[in-house]
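Residue-level structural notes
Chain residues, written in single-letter form:
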Amino acid sequence: MIHDSTHPETLALHAGYRADSATGAVAVPIYQTTSYRFRDTAHAADLFALKELGNIYTRIMNPTCDVLEQRVSAMDGGAAALAVASGQAASAMALQNLARAGDNVVSSTDLYGGTWNLFANTLGDQGIEIRFADPADPEAFRRATDERTRAYYAETLPNPKLHVFPIAEVAAIGRELGIPLIVDNTAAPILCRPFDHGAAVIVYSTTKYIGGHGNSIGGLIVDGGNFPWDEFPERQPALNTPDPSYHGAVWVEAVKPIGPVAYIIKARTTLLRDLGAALSPFSAFQIIQGLETLALRVREHSRNAQAVADHLAGHAAVANVIHPSRQDGEARRRADTYLSGGYGGLVGFELGGGREAGRRFIDALEMFYHVANIGDVRSLAIHPASTTHSQLSPEDQLASGVSDGYVRLSVGIEHIDDILADLDQALASASA
Ligand code: PLP
């Protein structure tokens, strides 16, 4: 019955683990171990040769991390997942798993600033060129593609603009050409299931809504198991040609007996092995605690954020409210196509008084925390022009949707009356 369920509320509690086989413990144990005893030399050899799947060393796999991986994969309708040390590690590895020096990836321009830096600078320095395409026009992805393009990349609900990405449109272009769409679904878990719309891989920063309690950094890569890698051998050489780093394994062949998981097994057994950005079992445990209430929290975040957007829209000091419910035309159509059950917990707004008003507003907040994070149970606020986006030129700030007076809110699950009261008193200070 549990295995038949497609309901995230149920899967978050029961998928991948019911009770500890040794002790019967119902809460997922923290397997705080580095290594695992092999039964004998044949067993060890089989594990290393992938003839048998099992635990070898915690840099590559761990039973606590495994529960997190199985649960999120089940909730998203994927085939398998890989837990890693942070959302940044997840996005870097998701691309490095397919693209080598000389290859390129086409990415949406609407990205988290850290991902932008990773793409524009660090991956570029490693020889992986990231070409940026405006998601307003899905065909921009096709135009930026050449024979060395290995993946498309986007965020479901990117802040600060909060324009939902055209997942099905770009995924369909990629599927014609043999190019998988990788979607960062960090801001919209539960609300959006990117595999249902044709995405091939999902990445998460579990640091945000999935963990939810602001206590652990983590990331996940989820393999949809729905991409025909073997039909595009020239487009996807990383999975279709012998891999010298794993005694010549051709990944699409090597994992056939296990399932449609070539992409994620390669990421685990080569990239995680070599780069070492493993999630600690303790953090996995904390993130699992968060996951158990994710669906409830996302509903509450969305409800409160909607109330905040409606309230701010009627406030004299507020020049503009950025929230999917305030959009129209194609942007609104995309929000309503790809998000269901709410628009998420993020709200942006612009203060008429510009940078100085933004600064005064943030300094006057009493309950909202002034932090560089989103997706915590607590309400959070930041003034991007003077913090997260301060390294960008004024032109790049504007292009990324950050004006001088822009304030980003990650609306928490406190009582809505208290949230609105704090905003009102801070707005009064900002406009005084
Ligand atoms: N993706 C998105 C959408 C984010 O907001 C963030 C962090 O803010 C990341 C990825 C990176 O995640 P982490 O901080 O866990 O490395």
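Before reading further, recall that the structure is shown in the block above.
Conventions used here
Residues numbered from 1 in each chain as written. Predicted model: local features only at pLDDT ≥ 70, side-chain atom pairs only at ≥ 80, totals over all residues. Heavy atoms only, no water. Helix = DSSP H or I, 4+ residues; strand = E, 2+ residues; numbered from the N terminus. Buried < 20%, exposed > 50% of the residue type's maximum accessible area, 1.4 Å probe, protein only. Contact = heavy atoms within 4.5 Å. Core = buried A, V, L, I, M, F, W, Y, C linked by side-chain atoms within 4.5 Å. Domains from an automatic or database assignment. 1 Å grid on protein atoms, 1.4 Å probe; cavity = no way out; pocket = protein on both sides within 12 Å on 5 of 7 lines; lining within 4 Å. Points joined across faces, edges and corners; volume = space filled by probe spheres on them. Near = heavy atom within 4 Å. Polar contact = N/O pair within 3.5 Å; in protein donor to acceptor, adjacent residues only side chain to side chain. Areas by Shrake-Rupley, 256 points an atom, 1.4 Å probe, with all protein chains shown as cover. Sits in = over half its atoms within 2 Å of the grid points. Nonpolar A, V, L, I, M, F, W, Y, C, P; charged D, E, K, R; others polar.

Positionally, Ser283 belongs in helix α11 (residues 281-292). Ser283 gets classed as buried once you look at its relative accessible area, which sits at 16%. Discounting chain neighbours no more than four positions away, the residues touching Ser283 are Ser216 and Ile217.

Note on placement: Gly78 falls in the loop between α3 (63-76) and β1 (80-84). Residues Gly78 and Thr122, spaced 44 residues apart in sequence, show a C-alpha to C-alpha distance of 29 Å. With residues up to four places along the chain from it excluded, the contact list for Gly78 reads Ser73, Phe195, Val222, Asp223 and Gly224.

Core analysis: the largest hydrophobic core is formed by 57 residues, its most contacted members being Leu68, Tyr152, Ile167, Leu181, Leu291 and Leu339. Both domains that meet at this core, namely domain 1 (8-289) and domain 2 (295-430), each give it at least three residues. Beyond its immediate sequence surroundings of up to four residues, Ile167 is in contact with Thr156, Leu181, Val183, Cys192, Pro194, His197, Ala199 and Tyr338. Counting 42 residues, the second-largest nonpolar core is a separate cluster that includes Phe119, Val201, Trp229 and Val261.

This paragraph deals with the layout of surface pockets. One number sums up the size of the largest pocket: a volume of about 860 Å³. Along the wall of the largest pocket there are 36 residues; nearest its centre are Leu53, Asp66, Glu69, Ala80 and Arg268. Mapped onto the lining of the largest pocket, the elements with two or more residues apiece are α2 (41-48), α3, β1 and α10 (262-275). When residues in the lining of the largest pocket are grouped by element, the largest group, six residues, is from α3.

We now examine the site of the ligand. Surrounding the ligand, one finds 13 residues, the nearest of these being Gln88, Asp184, Ser205, Thr207 and Lys208. The side chain of Asp184 places a nitrogen or oxygen atom 2.7 Å from a nitrogen atom of the ligand. In the model, an oxygen atom of the ligand is placed 2.8 Å from a nitrogen or oxygen of the Lys208 side chain. For the ligand, whose free accessible area comes to 390 Å², the fraction covered by protein is 90%. Applying the majority rule of atoms within 2 Å of the grid points places the ligand in the second largest pocket. Split into classes, the residues belonging to the shell around the ligand amount to three nonpolar, seven polar and three charged.

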